[in-house]
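Chain by chain, the residues:
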Amino acid sequence: MENWQARLKKFSSANPRLKKIIGVILIIVGFLALITPFTPGSWLMFVGLEFLGVRLAAWEKIKAWFSK
């Protein structure tokens, strides 16, 4: 697991522009999934925001809830 995380951090620091592009694409796809009926996947907006560096306000509470 640590090897995967190290690779992701290395990729992120080496390609910040690509990371932003992927984040914007995920936000757009998530928004389209939100406005179209019967399409799951609106959670991709939140993944895209995380890619762009926007932290959720309740992230610490969510993390604490899952760690129990």
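Residues numbered from 1 in each chain as written. Predicted model: local features only at pLDDT ≥ 70, side-chain atom pairs only at ≥ 80, totals over all residues. Heavy atoms only, no water.

Enquirer: What's the story with the packing of helix 2 (residues 16–35) against helix 3 (residues 44–52) in this structure? I'm lost.
Expert: If you want to describe how two helices pack, look at the angle between their axes and the distance between the axes. Closest axis-to-axis distance for the helix 2/helix 3 pair is 7 Å, and the angle between their directions is 160°. With respect to helix 3, the element helix 2 is oriented roughly antiparallel. Our pair here, helix 2 against helix 3, has a crossing hand that is left-handed. For the pair helix 2 and helix 3, the contacting residues are Lys19, Lys20, Ile22, Gly23, Val24, Leu26, Ile27, Val29, Gly30, Phe31 and Leu34 in the first and Leu44, Met45, Val47, Gly48, Leu49, Phe51 and Leu52 in the second. Taken together, the residues of the contact of helix 2 with helix 3 sort by class into 13 nonpolar, 3 polar and 2 charged. (Axes fitted to C-alpha atoms, helices over the stretch in contact; angles between N-to-C directions. Helix = DSSP H or I, 4+ residues; strand = E, 2+ residues; numbered from the N terminus. Parallel < 35°, antiparallel > 145°, perpendicular 65-115°, else oblique. Left-handed = near helix turned anticlockwise from the far one by under 90°. Contact = heavy atoms within 4.5 Å. Nonpolar A, V, L, I, M, F, W, Y, C, P; charged D, E, K, R; others polar.)

Enquirer: Could you clarify how one ought to interpret helix 2 in this entry?
Expert: The α-helix advances 3.6 residues per turn, and as a result positions three or four apart in sequence lie on the same side. Taking 1.5 Å of rise per residue, 20 residues should cover 28 Å, and helix 2 covers 29 Å from first to last C-alpha, within 8% of that figure. Within the span of helix 2, buried status applies to Gly23, Leu26, Gly30 and Ala33. Angular distribution of buried residues about the axis of helix 2 spans 95°; they occupy a single face of the element. Relative to its buried face, helix 2 has exposed residues pointing more than 90 degrees away, namely Arg17, Lys20 and Ile35. Considering only its buried residues, helix 2 is in contact with helix 3. (Expected span 1.5 Å × (residues − 1). Buried < 20%, exposed > 50% of the residue type's maximum accessible area, 1.4 Å probe, protein only. Arc of directions from axis to C-beta.)

Enquirer: Teacher, can you tell me more about the environment of Gly23 here?
Expert: As for its placement among the helices and strands, Gly23 is situated in helix 2. With 27 residues separating them in the primary sequence, Gly23 and Glu50 have C-alpha atoms 7.5 Å apart. Other than its neighbours up to four places away in sequence, Gly23 contacts Gly48, Phe51 and Leu52.

Enquirer: What is the right way to look at helix 3 in this model?
Expert: When helix 3 is considered as a whole, its buried residues turn out to be Leu44, Met45 and Gly48. Angularly, the buried residues of helix 3 cover 105° about the axis, an arc narrow enough to put them on a single face. Those residues of helix 3 that are buried lie in contact with helix 2. In the segment just after helix 3, Gly53 is the residue with positive phi, at about 100°.

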